[in-house]
Amino acid sequence: MSYIGSLDQGTTSTRFIIFNNLGEIVGQHQVEHQQLLPKSGWVEHDATEIWRNTQNVIEKALLNSGLKVSDLAAIGITNQRETVVAWDRANGEPLANAIVWQDTRTADYLNNFNDADKSTITSKTGTPIAPYFSASKMAWLLANGVQPSPTLAFGTIDAWLIFKLTGEFVTDVTNASRTQLMNLETLDWDDQLLNIFGIKREWLPKIKSSSEIYGMTKDGIPVAGVLGDQQAAMVGQTCFSKGESKTTYGTGNFALISTGNELVRSKNGLITTVLFKLGNAPVQYALEGSVAVTGSAIQWLRDQLGIINSASQVEELAASVPDNGGVYFVPAFSGLFAPYWRSDARGVIVGLTRANTKAHLARAALEAICYQTKEVMDAMEADSGIKLNEMRVDGGITNNQLCMQLQADIMNIDVVKPVITETTALGAAFAAGLAVGIWKSPDEIKQIWKRERTWKSQSSAEWRDDGYQKWRKAIERTLNWV
């Protein structure tokens, strides 16, 4: 039996999961980190705390598994994307708090770009002009205390962790594609983009494939796979072929569809992104739709409104009524992501009457997750020309049977959940295992994937159309608030 460690560094926590060569979990440990919110719209993390937690979870997961560090054939890394760390390569210390992908402080900076620069950024990177991506965060750090120097390092979380684990200054193509500094065609930092944002090439890590040996830990274990979290989930769901798609339900929602080696530029508000590059094999691309608030809408019902005591209660409450009672909830708390990209939007609850209860709001929150996902998947079909009849799903909300049935009903397709749902961590393990020969090919990995449950649509066309029309009316009410 062979073992691969997967370091999954997410927005709210860091965990280390150890898989065997059958893709089964043999040990894991998870630790949350602080969410630093110094101002409205600002979200930061302490990179030192994340590194400390990384060491902790590796040690505890090994303890839980009964394995020694020398039993690991390799380590893979998957990470929250777009989040930026600035550090000094000379002493390995952060120069500021990490600015998180959710942070919106650079909106005004981006609004001041001229149309030519905006067009260049969008055409070369496949991304819209939004504070979501890394480059504007780097520019903000330079303008607010981070000093240029020969040892300055800017990187996404994967680059920070690889540096701390191995001393190497590298990133992979999936993470680099989220910075707005990498050219999707050349897979290298682009001089024109660097110039627009005022970033020097020497401050950035070397871009490598998603599956190769980047360096060795102090214990001699190769770090051999790196994928941004959503790309990792595609690999963990074994979506290796053109037209295959998955949706990960977390704090937000992230849906991807593989376009193979074809770079498809979206006309419908999606992101064109690198899906993966496995060693020397050709790069694969994807279309991605991001929804800012899905699982966090359930947290809002729990923490801010207090209508549920735990996230798991939302299913029982929503199931206690036969429908939404005419209530639609658009949780545009920080604007709308795909396919709208409207930072001026704010959340609304519409259609309320005296007869409505907290159960209707709970059901509307679950439907909001499903409608937002539908909008993204419809855009994917329009851009790619690929008709979806199945969507693979993972993430916490997939344990909510009602929500997954609503998803199948609203989209009128099969929704499929795998046996192994830790797909993000599993994808990073697969990438690392391929690099060191645990698995010989993606085809061998496909044999590991098995479905646990399929939800089939039980809805009528009339019900679907009526609900979607009202959802679109609710969306219109969110716009132009800021």
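Residues numbered from 1 in each chain as written. Predicted model: local features only at pLDDT ≥ 70, side-chain atom pairs only at ≥ 80, totals over all residues. Heavy atoms only, no water.

**Remarks on the nonpolar core**
Tyr132, Ile298 and Leu366 are the most contacted members of the largest nonpolar core, which has 70 residues in total. Examining the composition of this core, we find that 14 residues originate from one element, helix H11 (residues 358-384), more than from any other. The residues contacting tyrosine 132, other than those within four sequence positions of it, are Arg81, Glu82, Trp101, Lys137, Arg178, Phe254, Ile271, Glu288, Ser290, Phe337 and Trp341. Within the second largest apolar cluster, 33 residues are counted, among which are Ile18, Leu67, Ile157 and Ala159. (Core = buried A, V, L, I, M, F, W, Y, C linked by side-chain atoms within 4.5 Å. Buried < 20%, exposed > 50% of the residue type's maximum accessible area, 1.4 Å probe, protein only. Helix = DSSP H or I, 4+ residues; strand = E, 2+ residues; numbered from the N terminus. Contact = heavy atoms within 4.5 Å.)

**Overview of the sheet that holds strand E3 (residues 25-32)**
Judged by pairing direction, the sheet is mixed, and its six strands sit side by side in the order E3-E2-E1-E5-E15-E14 without closing on themselves. Each edge of the sheet is formed by a strand with only one pairing partner; in this case those strands are E3 and strand E14 (211-216). Sheet twist, expressed as the average angle between the axes of neighbouring strands with direction ignored, equals 25°. Two strands pair when backbone bridges link them, and strand E1 (residues 3-9) and strand E5 (residues 72-79) are joined in this way by seven bridges, in the parallel orientation. Bridge pairing in E5 places glutamine 9 opposite asparagine 79. Relative to the sheet, helix H1 (residues 47-65) contacts E1, strand E2 (13-20), E3 and E5, its axis offset from that of E3 by approximately 150°. Running over the sheet, helix H8 (residues 229-236) touches E5 and strand E15 (222-228) and is turned about 105° from E15. (Pairing = 2+ DSSP bridges. Axes fitted to C-alpha atoms, helices over the stretch in contact; angles between N-to-C directions.)

**Considering unusual backbone geometry**
Between alanine 338 and the following residue, proline 339, the backbone shows a cis peptide bond with an omega angle of -5°. Relative to the elements of secondary structure, proline 339 occurs in the loop between strand E20 (328-330) and strand E21 (348-350). Here the phi dihedral of glutamine 180 falls at roughly 70°; this positive angle occurs in a residue that is not glycine. With a phi close to 55°, threonine 238 is a non-glycine residue in the positive phi region.

None of the figures reported here should be taken as evidence of function without further support.
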